[in-house]
Amino acid sequence: MRSRICLIVFAVAGLLWSVPVSAEEKPVSPNTAKPESVEDPLEGVNRFTSEFNRVVRGALIDPLVDGYQAVTPQFLQDAIGNAASNLNEPVTAISSFLQGDDENATNATKRFFINSTLGLGGINDKASEMGYESRDEDLGQAAGYHGTEPGAHIVLPLLGPSNSRDLVGDVLTGLASPLPLVGRVAQKSVVYSQNQDDINAVGTGALDPYIVERNAYEQHRQFLINNGEAAPIKSSDLDTADFR
């Protein structure tokens, strides 16, 4: 167990510093980071996987989500979402600490203990009622904060868009403990069920839905790394050829 923990610590360090950045290039804060063009050496495979995911969503997942929402009371849906979110709080605490964000690390730690006890295992979000609002973080965001580039864009079967930096972060999280990773997958499922139409609308009307989905993911991740302080996307940054 001790050697396993040491392995995770060294792996996290490697993730954070895997891309050398000179003193002139390394941002003083994540808010100064400039998103680069998306690396997509696996575009052929990614396009196939993206289309596979789109077909599976339409034929299987969306009907299941519709059925789940139809038969599951709202209070139970909320409880499932709260429990899934609670499992991710330790990852948020560690990731925030790695970014030097002691305030959010402390907040996430308090949320985890309050919701795990007073919230009956996380099914009730008592922490929010007490003023401790959630702001999720993960190892991919921590790596991005320290200047690690996203790397190659990757589309995972069923799970959707990712990139090499975020995927490594998820793998390290799973090696440390599978529970937060399970919670994150469950949390994403809840988010999808709550925003099904909006998510499926991404790329609608586009000549190339894959490019729109890919860029939307990478820009959203940069937005999260910057804690919501990223500059808004300008119309000049969009390729109008992607749309009808």
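Residues numbered from 1 in each chain as written. Predicted model: local features only at pLDDT ≥ 70, side-chain atom pairs only at ≥ 80, totals over all residues. Heavy atoms only, no water.

Asks: How would you explain empty space enclosed by the protein if you had to name every residue and give the values?
Replies: All told, the structure shown has 1 cavity of 30 Å³ or more when counted by the stated rule. Within this model, the largest cavity holds a volume of roughly 50 Å³. Taken together, N88, V91, D138, L139, G140, G169, D170, T173, P180, L181 and R184 make up the full set of residues lining the largest cavity. Those elements that provide at least two residues to the lining of the largest cavity are helix 7 (139-145), helix 8 (164-176) and helix 9 (178-194). Class assignment of the residues belonging to the lining of the largest cavity gives a composition of 4 nonpolar, 4 polar and 3 charged. (1 Å grid on protein atoms, 1.4 Å probe; cavity = no way out; pocket = protein on both sides within 12 Å on 5 of 7 lines; lining within 4 Å. Points joined across faces, edges and corners; volume = space filled by probe spheres on them. Helix = DSSP H or I, 4+ residues; strand = E, 2+ residues; numbered from the N terminus. Nonpolar A, V, L, I, M, F, W, Y, C, P; charged D, E, K, R; others polar.)

Asks: Any chance you could break down the layout of surface pockets for me, citing the residues and the numbers?
Replies: As a volume, the largest pocket reaches approximately 1,600 Å³. L159, K188, V191, Y192 and I199 are, among the 50 residues lining the largest pocket, the residues nearest its centre. Where the lining of the largest pocket is concerned, the elements lending two or more residues are helix 2 (43-71), helix 3 (74-87), strand 2 (160-163), helix 9, helix 10 (196-201) and helix 11 (209-225). The element that contributes the greatest number of residues to the lining of the largest pocket is helix 9, accounting for 11 residues. A per-class count over the lining of the largest pocket returns 21 nonpolar, 18 polar and 11 charged.

Asks: Kindly report on the pairing of strand 2, identifying the contributing residues and their values.
Replies: Taken together, the 4 bridges between strand 1 (residues 153-156) and strand 2 define a ladder with antiparallel strand orientation. Paired with I154 across the bridge in strand 2 is S162. Adjacent in sequence and paired antiparallel, strand 1 and strand 2 are bridged by 3 residues, among which L158 carries a positive phi angle near 70°. (Pairing = 2+ DSSP bridges.)

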